[in-house]
Amino acid sequence: MTQITLTNATLVPCTGDRENRAFRGWIRIENGRIAALGEGDAEGEDLGGRLVTPALVDCHTHIIYGGSRAREFEQRLEGVSYEDIARSGGGILSTVNATREASEEDLVATALPRLDTLLSEGAAVVEVKSGYGLTIEDEIKMLRAARRLETLRDVRIKTTWLAAHALPPEYKDRTEAYIDEVVIAGLRTAHAEGLVDAVDGFCESIAFSADQMARVFDVAQELGLPVKLHAEQLSHQGGAQLVAERGGLSADHIEYTTKADAEALAKAGSVAVLLPGAFYTLRESQMPPVSAFRAAGCTMALATDCNPGTSPLTSLLLTMNMGATLFRMTPTECLEAVTCNAAKALGLDDCGRLAPGLRADLAIWDVTDYAELTYRIGFNPLYSRYFGGRKC
């Protein structure tokens, strides 16, 4: 039996109880799991008062992709809207072309530096979406590349089928056919290969309607897969209500959600995933209704939304700062948004908290106050990281 005790630590359990009380104590690890933790002293490795939190969880990323969209960033600075770029063949579709041309090996190689940056800031779980292939073969290629990441690094990868991300040119004016022939048919194939953990889509005026996404969710339900949705990012399309009706894991972006949406998500137990990197990059002004989420008791998570076009962000620490600075979330809310709440957004109940029986995925920080993690900008105080009880 492998056992280690870390002592003289400032423990932050991240149990989601709002108070998030930190205390000086110890934590014992046995066979990759948290065996016990408590206040006071114990024999073991002295951490010198350093902060111990659950390892971080990035619950919304697109880190598998080909190419770059730096010039598109320049266009937006010149005043061209995201919608106009997309309609002129840029945006998601420019990344689709580069991703289709890339081999699986290329996609893995270019994703690893992005993943390494997330891990260097204490992450242990990363969600990865497809969505830049838009053919069955290329979407599956993306998911295979994503699965390979966890064979190369100490990380858990959760994969999401996002073929309903954009309509490729070859299906212009044939949206329903694309849903049948690629989104749904490909989902069945990818699921049969064991490549899919959840199903997502982009419910927006420039993408797919709530009714169209409901068709995809019907198949996900048939296959026993949980659902989530890019919802209410640029306008209100009814996506959040669809997520609530289907008991989905999360509604993501959600700048245009309403009080009624917040209440529906809370009642359904669905997580509101806020993505400040995209809000910042697109220079949006419509803020997600954080006060309404609080009032409704709706769980809030934060994620990087790492992607080449609207959130080229690979820092959960900066994401936390953005959550506080842009959306007025508290340091407690921000930390829980990338630990216990982010785990909930992925349907995980074995990580994201410090509690007996859970995985010993830990982040040890060279600070003593957890507010430092949200407060500091461009500063990484990670001291060490444990993945499944193993220091890495």
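Looking at an unreviewed UniProt entry, one finds the protein named Imidazolonepropionase, with Celeribacter halophilus as its source organism. As recorded by UniProt, the Subcellular location (unreviewed entry) comment attached to the protein reads in full: "Cytoplasm". The protein has a UniProt comment under Pathway (unreviewed entry) that states "Amino-acid degradation; L-histidine degradation into L-glutamate; N-formimidoyl-L-glutamate from L-histidine: step 3/3."

Participant: For this particular structure, what's the right way to read the overall build of the protein?
Facilitator: Within the protein, the regular secondary structure consists of 15 helices and 16 strands. Compactness check: the protein gives a C-alpha radius of gyration of 20 Å against a globular reference of 21 Å for 392 residues, within 12% of the reference. Referenced to the eigenvectors of the C-alpha coordinate spread, the extents of the protein come out at roughly 65 × 45 × 40 Å. Scored against the burial criterion, the 392 residues of the protein give a buried share of 60%.

Participant: I would appreciate a short explanation of the pairing of strand S3 (residues 33–39) in the present structure.
Facilitator: Remember that side chains alternate between the two faces of the sheet whenever the strand is regular. Across 6 bridges, the pairing between strand S2 (residues 23–30) and S3 is antiparallel. Bridged to Trp26 within S3 is Gly38. Between S2 and S3, which pair antiparallel one after the other, the connecting turn spans 2 residues, and Asn31 there sits at a positive phi close to 50°.

Participant: Before we go on, may I ask you to explain the nonpolar core in this structure?
Facilitator: Here is a general trend for soluble globular proteins: nonpolar side chains tend to be buried in one another's company. Core analysis: the largest hydrophobic core is formed by 99 residues, its most contacted members being Ile64, Leu149, Trp161, Val199, Met213, Leu274 and Met329. Here the element with the most residues in this core is helix H6 (residues 175–192); it accounts for 8 residues. Here this core spans two domains, since at least three of its residues come from each of domain 1 (3–54 + 353–391) and domain 2 (56–345). Apart from the residues within four sequence positions on either side, Leu149 is in contact with Ile63, Ile64, Val108, Ala111, Leu112, Leu115, Val155 and Ile157.

Participant: So what exactly am I meant to see when it comes to the UniProt feature "binding site: N-formimidoyl-L-glutamate" (unreviewed entry) in the protein here?
Facilitator: Under the present numbering, the feature "binding site: N-formimidoyl-L-glutamate" (unreviewed entry) in UniProt falls on Tyr132, Asn307 and Gly309. Annotated residues spanning 178 residues; largest pairwise C-alpha distance 11.5 Å, indicating a single compact cluster. Set against the largest cavity, the annotated residues named above that line it are Tyr132 and Asn307. Looking at the secondary structure, you find Asn307 in the loop between strand S13 (300–302) and helix H12 (316–327).

Participant: Would you mind going over the pattern of salt bridges with me for this structure?
Facilitator: Pairs can form between side chains of opposite charge whenever their charged atoms are close. In this structure the tally under the stated criterion is 24 salt bridges. One salt-bridge network, held together by shared partners, links Glu127, Lys129, Asp200 and Lys228.

Basis of the calculations
Residues numbered from 1 in each chain as written. Predicted model: local features only at pLDDT ≥ 70, side-chain atom pairs only at ≥ 80, totals over all residues. Heavy atoms only, no water. UniProt positions renumbered as here; feature names shortened; annotations may be inferred. Helix = DSSP H or I, 4+ residues; strand = E, 2+ residues; numbered from the N terminus. Rg over C-alpha atoms; globule rule 2.2 N^0.38 Å. Buried < 20%, exposed > 50% of the residue type's maximum accessible area, 1.4 Å probe, protein only. Pairing = 2+ DSSP bridges. Core = buried A, V, L, I, M, F, W, Y, C linked by side-chain atoms within 4.5 Å. Domains from an automatic or database assignment. Contact = heavy atoms within 4.5 Å. 1 Å grid on protein atoms, 1.4 Å probe; cavity = no way out; pocket = protein on both sides within 12 Å on 5 of 7 lines; lining within 4 Å. Salt bridge = Lys/Arg side-chain N within 4 Å of Asp/Glu carboxyl O.

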